[in-house]
Amino acid sequence: MDNKFVVVDLETTGNSPKKGDRIIQIGAVVIENGKIIERYSSLVNPGKQIPVFIEELTGIDDEMVKDAPDFTEIAGQILHLLDGAFFVAHNVFFDLSFLQEELLKVGYEGFFGPVIDTVEMARILFPSADSYKLSDLAVREGLAHDRPHQADSDAEVTAELLLILLERIRAFPIVTIKSLSKLSSGLKSDLYMLFEDAITLKERSIEEIPEHIDIFRGIAMRKAGAPEEKEKELPCYPITPELKVEMLQKAIPKYEPRQGQLQMMDDVYGAFEKGVHTMIEAGTGIGKTLAYLVPAAIFSRQHNKTVVVSTYTTQLQQQLLQKDVPILEDILGQRVKTALLKGRSHYINLARFEVSMIEEEDNYDTALTKMQILVWLTETETGDYDELNLSSGGMIYWNKIKNDHSVFMKTNHWQQKDFFLRARRASESADIIITNHAMLLSDLTADQPFIPQYDHVILDEAHQFEKAAGRYLGETLEYLSIRLLINQLGLYEQKQVFGKLEDLVGEKASQQTPYLHTFELNHLIALVHSETDALFKAASGLVKKSRTGKGPLNRVKCRLPKSGNNNGRDALYVVAERFSFMIRDIVEGLEQRLKAAEPLMPSLEKNELALLEEAALLAAELEGCRAKVRNLVLYPDPDYVTWIETDLRSNQNTTTIYGRPADVSPFLRDRFFCTKQCVILTSATLSVKNSFEFLKKELGMDSVHSVVKQIASPFDYGKQVQLFVPKDIPEIKSVSDEEYIASITEHIISIAEATKGRMLILFTSHDMLKKTYELIKESGMLDDYAMIAQGITAGSRSRLTRNFQKFDKAILFGTSSFWEGVDIPGEDLSCLIIVRLPFSPPDEPVTEAKCDQIRKRGGSPFSELSLPEAVLRFKQGFGRLVRTTSDRGIVVVFDRRLVTASYGRAFLESIPDVPVRKVSVQELTDSIEKWL
């Protein structure tokens, strides 16, 4: 740890020194004995023009480097700085390769000392970080980073980050450091030297293990949380409005009483008491999460009944646990016993992880992931995979150590530490169990239910419950996941699972009857590779054949046709049957070998038992693939809709076959609503024109007794929002997509200039989003705006939203998931544009199947399905703009059908009462400038 480190950052004219790119700025920070002792910074004259995009990125232009030294003049100083040091950089091989090229050009030998990559180091030591970009790590660690993409600033921040990372290594127990050291020899940078130094340092004194750490079987882990405090008395219902306000003010700084929130608390408690299913549409801004958590906690404690709270996404589960439950506890003045439940495979299997640590590791991704998990185990209280930031290679390794039913490995010694069992135990005594819709649905059909017995449920984001049920009851067959399974199995000579299994028990298995010989099984595994290709090639061929017109090539869908009529389905059927038989024979061959291994189990080593476990898991997953092929292609359920999706630009490996019931309402009615005493469904969007009938029918509640409530938003939409429909945009159905895109592009440019950005544009199709984005870029009119587009700009939805909020002049282009669940309060968002009314495409497979069912019984698909679905989605989109009482903003709907079509009233009657103004683009921009 007393080494000399020189932290370097370079700004360059491009990415490739081999193609003539040059350094334009160098920054270096020298660290010795754990302290920064020297800084060096210099602009460099590259002897060539600096490209415009590099100038924009770095702020360095040709004028600034005109009188700067040539690299030849400073090369000696740089080498002197680096003498006897570790070369450190964030993404070290980029900076090192550039520096080496420049040094060689001017006649020096280059740098050949040890190197440290702070990206690699941070991935290991911060396994739960959202991102490993320098700017994001700086925010995470509270480091000032005022001038990103300037070498002196980047080098300074990287140096500060390195000091934090070195300190972090010192803090680990020696068992963790020794395990990290053993795995680090295969890394890209020389981190093993740092781990060896840390071991030497630790061995000089008697180690004191931190109180929160437990060392078990050579693995350091965070101890389980403190025991529960003694329960106190909670207030009894009915609580007076004054007491509720007092409780909320005590816990929430600057709390403003909201009548709707207090009313919803009473509605939730009353529903639980009476045991009646209740739908509560809670307008934006009433604070519905606390409005259901407070009465749920009180009811649970008073009646000794567990309340289950289910959300649509695992992110919202985390938000409930980390943000809302602590506020709930402050309101009630004591701990609320809360358990977070996810599916079993979300949790690590510590016995499998222990065995995997014995294996020699030559795969980079696996070694890195093992190191991440060793560090994570010293921090995690849940053992939940969602906390980790793993590479795609790391996720393959996770599949080997995830928590599943063990067949061959006895894990008794890990039972007390098992995170899955710990979560289950916590849920048995919990007041509130937090889970998600998918987990709730899987529990309804499980042989051994995972969620302890419950009768009282709150479904948050209840408008998504039907979609979640369809997804859960459906099946998905993906090309890439099948190839991954077969690759994990491997050919005999590759010594993957099959090769190792054959060496272990092949001879013993050969004594069984019938027996699939090694050669035959190996041949089948080789054949099934090409058969998988053939299966998905036939599937994507069907999509290609069904496609009409010029539409987008990416994510094209078509329903799987019925057999016969020479429509290509018969060819798919033939190859699917062949694939199914092959998988059956491979599974039988694996099961023969696993059966032969049973008598040998007492004499087998841990790693051999782990191999059997992995083989059994693969056999089960392959059998699952075979079942899906039979259910989706060979013998589809007549009540299911099956379809194929692919990207026609690279069709085979992007092809997926889907199936799901067209109607999930009978399942939800019989297995859920009829078996629970009280289900509370809440969301900001449950009604269409003040009627709940559409969602009731979709969820199977139309024949079940229930109560409905609407609680209006506290926002004054008349004063906070203006709604415009431009009258000089063509009717969407009267022109081609190209003309419509050209027209809305002009309007977007004008509106952006009036609002100075801070604009969210919602599309219903990614193709239209992409073409609009490209046309705006091409125009050059908004070059000084940050344009962030879903599916074009890299990153998750939350990362794109965070990036949007960083810039004063920004435009966010969103589709699908951006219509809901995006929260951008305040001045960060001043303008919302809805490009077209969000009707589902009529050829969308599930929509098409539902429409067929409605027609068969003589109904109207448009009024019974298409319109109410679109209205609910429109309400979700409209709700993105105003998130607090002080927000003000503009909503612009480009689709003139809102005011010209008879059904436009359905949309307007379903949102808060806001006057609609039909204006020209000039009037629109004038109004925006006055309003904002």
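Residues numbered from 1 in each chain as written. Predicted model: local features only at pLDDT ≥ 70, side-chain atom pairs only at ≥ 80, totals over all residues. Heavy atoms only, no water.

Caption draft 1: Structural view of the environment of Y640. In this structure, Y640 sits in strand β15 (residues 640-646). Through-space distance from the C-alpha of Y640 to that of S205 is 67 Å; in sequence the pair is 435 residues apart. Ignoring sequence-local partners within four residues, the contact set of Y640 consists of L473, G474, G659, R660 and P661. Reaching out from Y640, the side chain makes a polar contact with the backbone oxygen of L473 at a distance of 2.7 Å. (Helix = DSSP H or I, 4+ residues; strand = E, 2+ residues; numbered from the N terminus. Contact = heavy atoms within 4.5 Å. Polar contact = N/O pair within 3.5 Å; in protein donor to acceptor, adjacent residues only side chain to side chain.)

Caption draft 2: Representation of the pattern of salt bridges within the structure. Here the structure, examined in full by the defined rule, presents 50 salt bridges. With a closest N to O distance of 2.9 Å, R217 and E354 form a salt bridge. Note that R217 is positioned in the loop between β6 (213-216) and β7 (219-222) and E354 in helix α14 (residues 350-356), a separation of 137 residues in sequence. The salt bridge involving R626 is made with E623; its shortest N-O contact spans 3.3 Å. Of this pair, R626 and E623 both sit in helix α24 (residues 606-634), three residues apart, which is roughly one turn of the helix. Note on E623: relative accessible area 31%, which makes it partly exposed. Ionic contacts of the salt-bridge type, sharing partners, join the residues E466, R660, E698 and K850 into one network. (Salt bridge = Lys/Arg side-chain N within 4 Å of Asp/Glu carboxyl O. Buried < 20%, exposed > 50% of the residue type's maximum accessible area, 1.4 Å probe, protein only.)

Caption draft 3: Quick peek at the sheet that holds strand β4 (residues 86-89). The strand order β3-β2-β1-β4-β5 describes an open sheet built from five strands, whose pairing is mixed. Lying at the two open borders of the sheet, with one neighbouring strand each, are β3 (35-43) and β5 (115-117). Direction aside, the axes of adjacent strands within the sheet are offset by 20° on average. Relative to β4, strand β1 (residues 5-12) runs parallel, the two sharing three bridges. For V6, the partnering residue across the bridge sits in β4 and is F87. (Pairing = 2+ DSSP bridges. Axes fitted to C-alpha atoms, helices over the stretch in contact; angles between N-to-C directions.)

Caption draft 4: Region of the structure containing the packing of aromatic side chains. Overall, the coordinates contain 24 aromatic pairs when judged by the stated rule. Where W376 meets W398, the ring centres are 6.3 Å apart and the plane angle is 65°; that geometry is what we call edge-to-face. Taken together, the positions of W376 in helix α15 (residues 364-377) and W398 in helix α16 (residues 392-401) put the pair 22 residues apart, joining distant regions of the chain. When sorted by exposure, W376 lands in the same class as W398, which is buried. Of the aromatic side chains, those joined through ring pairs into one cluster are F839, F862, F874, Y903 and F907. Residue placement shows K676 over the ring face of Y454; its charged tip is 3.8 Å from the ring centre. The ring of Y785 has K809 sitting right over it, with the charged end atom 4.7 Å from the ring centre. (Phe/Tyr/Trp six-rings, centres within 6.5 Å; stacked < 30°, edge-to-face > 60°. Lys NZ or Arg CZ within 6 Å of the ring centre and 35° of its normal.)

Caption draft 5: Highlighting the pairing of strand β8 (residues 277-282). Here β8 lies mainly inside the structure; six of its six residues are buried. The alternating pattern of β8 places H277, M279 and E281 on one face and T278, I280 and A282 on the opposite face, and all of these are buried. In this structure, β8 lies alongside strand β18 (residues 706-711), joined through six bridges in parallel fashion. What sits directly across from M279, in β18, is V708. Pairing analysis gives four bridges linking β8 to strand β17 (residues 678-683), with the strands arranged parallel. Among the inter-strand pairings, M279 is bridged to a residue of β17, identified as L681.

Caption draft 6: Quick peek at the sheet that holds strand β23 (residues 831-834). An order of β21-β22-β20-β23-β24-β19-β25 is seen for the seven strands of this open sheet, with the pairing classed as parallel. Each of the sheet's edge strands pairs with one partner strand only, and the pair in question is β21 (786-789) and β25 (916-919). Between one strand axis and the next, the sheet turns through 20° on average, direction left out of account. Bridge count between β21 and strand β22 (residues 810-814): four bridges; the pairing is parallel. The residue bridging M787 from the neighbouring strand is I811, located in β22. Set on the sheet, helix α28 (residues 737-755) makes contact with β19 (721-726), β20 (759-762), β22, β23 and β24 (889-893); between it and β20 the angle comes to about 155°. Strands β21 and β22 of the sheet are contacted by helix α29 (residues 766-779), whose axis makes an angle of about 165° with β21.

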